[in-house]
Amino acid sequence: MIPSPSGQFKKMATVNKRRKVDSEARRFQDRWKVEYFFTEIQNHCVCLICQETVAVYKEFNVKRHYQSRHSTYDKLTGHDRSEKLKQLEAVLMSQQKFFIRARESNENATRASYEVATLIAKNCKSFAEGDFIKECVMKMVENICPEKKQEFANICLARNTVARRIEEISSDIKRQLTSKGVDFDFFSIACDESTDLSDTAQLLIFMRGVDDEMNVTEELLDLQSLTDQTRGKDLFVSVSSAIDDMKLPWNKVTGIITDGAPAMVGERSGLSTLICNKVIEEGGKAIKLHCIIHQQVLCAKHLKYDHVMKPVLKTINFIRSKALCHRQFKQFLLDIQAEYEDVLYHNDVRWLSRGSALQRFYSLRKEIGEFLETKGQPMRELSDPIWLADLGFLVDITKHLNVLNTSLQGKDAAVNQLYSHLKAFGTKLQLFIRQLSQTQPNTIHFSALQEIMNSFPQDNISAQTSRYAADIASLAGEFKRRFQDFAAIEKEISLFSSPFSVDPDDAPDQLQLELIELHCDSELRSRHQQLS
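The shown structure was predicted, so the numbers you read here are calculated from the model rather than taken from an experiment.

Parameters and conventions
Residues numbered from 1 in each chain as written. Predicted model: local features only at pLDDT ≥ 70, side-chain atom pairs only at ≥ 80, totals over all residues. Heavy atoms only, no water. 1 Å grid on protein atoms, 1.4 Å probe; cavity = no way out; pocket = protein on both sides within 12 Å on 5 of 7 lines; lining within 4 Å. Points joined across faces, edges and corners; volume = space filled by probe spheres on them. Helix = DSSP H or I, 4+ residues; strand = E, 2+ residues; numbered from the N terminus. Nonpolar A, V, L, I, M, F, W, Y, C, P; charged D, E, K, R; others polar. Core = buried A, V, L, I, M, F, W, Y, C linked by side-chain atoms within 4.5 Å. Buried < 20%, exposed > 50% of the residue type's maximum accessible area, 1.4 Å probe, protein only. Contact = heavy atoms within 4.5 Å. Axes fitted to C-alpha atoms, helices over the stretch in contact; angles between N-to-C directions. Parallel < 35°, antiparallel > 145°, perpendicular 65-115°, else oblique. Left-handed = near helix turned anticlockwise from the far one by under 90°. Domains from an automatic or database assignment. Buried area = accessible area lost by both parts, 1.4 Å probe. Patch = residues over 30% accessible without salt bridge, like charges linked within 9 Å, V, L, I, M, F, W, Y side chains within 5 Å. Areas by Shrake-Rupley, 256 points an atom, 1.4 Å probe, with all protein chains shown as cover. Salt bridge = Lys/Arg side-chain N within 4 Å of Asp/Glu carboxyl O.

J.: Where do I start with the layout of surface pockets in this structure?
T.: The probe, sized like a water molecule, is rolled over the atoms to show the empty space still left. One number sums up the size of the second largest pocket: a volume of about 680 Å³. In terms of lining, the second largest pocket is formed by 18 residues, of which the most central are I169, S170, I173, E219 and L220. Elements supplying a minimum of two residues to the lining of the second largest pocket: α4 (78–122), α7 (159–181), β6 (216–226) and α8 (232–245). No other element matches the six residues that α7 contributes to the lining of the second largest pocket. Residue classes in the lining of the second largest pocket are distributed as eleven nonpolar, two polar and five charged.

What follows is the structure, encoded as structure tokens:
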């Protein structure tokens, strides 16, 4: 007697016999459009007449639906049937477009809200400015394209919405930065500590990282508020927290750039020292650098020329400190049709303001002298050719310094580019020294000084040029002293920026063989020349 199969075997047999619709690979047939008025939408078989869906791509099911519900359409044949198909497809398309337009309109309104919130944050405006911006936009729309008024009205720029958008953007940037940080081969950080209006110390931490495809990412890593002391170890705790929160490995830190404050650069307990020690403990190596722009400003302050600056600032403050005097001065310039309509304030915090204030004062020196005479406050220095020559020299050299400062600013600048600007300026200073030290001084690059010398030919102003050359030599020495840390890594900078010009004997031992291979590769040399 043969035993009957168990319940489990019966179930398996049933499963094997069951038809698997997915495995049959059924597809929509184009002829069903004309024969049954069906179409395919997102892998579904849809009736064009009633918009119902047939679950399975099977002609029997499609035909049964058509014959049971829409058999009256059988009377349409040939051209009439094709025209009816086009009509039904057009109706369906218009319905789809309506919903697509509505969805796109909502998406565009949301995207515009995010864009405006980003601009509000970047320009440090109040979150409540969103309502005012929308009011302005609506007035423009009413006059330019009133038919789109509703689309613009859907853009929400309420204060709470703008705040939420900015928070979401901030979170998204942090997520992106965290994702990119995983791929960083190396990264460096820059730190700057300042006190806000509420006497709270704010530590800004910037980061620049690079991956194996030389994609550079530069972003604000964190803003840490310090409510207590701001010693080196306190700053280090804040920086460590920011780096650890982003899950960045310490052994990939290659440099720390600070503003030169004692808490930042202290040899034993400064922030840069503590970070370099931490990197060494993790198996890496980092260098300490003083912010290149900040050092340039400190070098510019080396030329004090107080005997020029103090009278200039005193005069500017006399004109602008009292409202009546200021109004009268502006009206005086307007009456005589002067080149400029006012003098400029100088602020030590705004580094470029010194040059701007000096240039404006120099351009209006005659008008200022006349105005002060009417006020019974004559400025005797304006009639002294030597003082005017000093003013002209200071205006010119400060202009050159401001040009250098501007060239050092900007995003995504590499250290080799910044250092090349510094070297070029050092070469310019040597040129100025040689030209001003000649028996017949060449003042081609000092237009203001040249103008004063031409205005007072009888006075021996050219004798002062040797003093100016000495002052420039002192300035050049200050630049050389302050930028010793960059000069110490000049070989590494050259290896990075122009590897084909570096002698393999001067390269680090671990790079010499690779550098030789690079020098002998004519294709890479040609590509390097094309890109540079």
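J.: Would you explain the nonpolar core in this entry?
T.: Looking at soluble globular proteins, one finds that nonpolar side chains tend to be buried together. Grouped together as the largest cluster of nonpolar side chains are 63 residues, with contacts concentrated most on F361, W387, L391, I397, L429, I472 and F479. For this core, the element with the most residues is helix α16 (residues 385–408), which contributes eleven residues. Discounting chain neighbours no more than four positions away, the residues touching F361 are V312, T315, I316, I368, M379, L382, W387 and L391. Grouped together as the second largest cluster of nonpolar side chains are 27 residues, F187, I205, L226 and L235 included.

J.: Can you help me understand the packing of helix α17 (residues 415–436) against helix α19 (residues 465–482) in this one?
T.: Think of two packed helices as two axes; the pair is described by the angle between the axes and how far apart they sit. The interhelical angle for the contact between α17 and α19, taken along N-to-C directions, is 160°, at an axis separation of 8 Å. By the angle class used here, α17 and α19 are roughly antiparallel. Here α17 runs over α19; the crossing is left-handed. For the pair formed by α17 and α19, the contact residues are L422, F425, L429, Q430, F432, I433 and L436 on the first element and T465, S466, Y468, A469, I472, A473, L475, A476 and F479 on the second.

J.: When you look at the domain arrangement of the chain in this model, what are you seeing that I'm missing?
T.: When the parts come together, some accessible area is lost, and that loss is often what is quoted as the size of the interface. Here the domain parsing of the chain yields domain 1 (185–290) and domain 2 (299–497). One C-alpha centre belongs to domain 1, the other to domain 2; they are set 35 Å apart. Facing the six residues of domain 1 at the interface are eight residues of domain 2. Roughly 580 Å² of surface becomes buried between domain 1 and domain 2 when both sides are summed, with 55% attributable to carbon and sulfur atoms. On the domain 1 side of the interface with domain 2, the three residues burying the most area are R208, E218 and L289, jointly 63% of the side's total.

J.: What should I look at first to understand a nonpolar patch on the surface in this one?
T.: Residues F206, L220 and L223 make up a contiguous nonpolar surface patch of roughly 260 Å² in combined accessible area. The residue L223 is located in strand β6 in this model. By relative accessible area, L223 is classed as partly exposed at 46%.

J.: Explain unusual backbone geometry here, please?
T.: Among all residues save glycine, negative phi is the norm, and among peptide bonds the norm is trans. Although it is not a glycine, C124 adopts a positive phi angle of roughly 55°. Mapped onto the secondary structure, C124 falls in the loop between α4 and α5 (129–144). Here M214, not a glycine, exhibits a phi torsion of approximately 65°, which is positive. Its place among the elements puts M214 in the loop between β5 (201–210) and β6.

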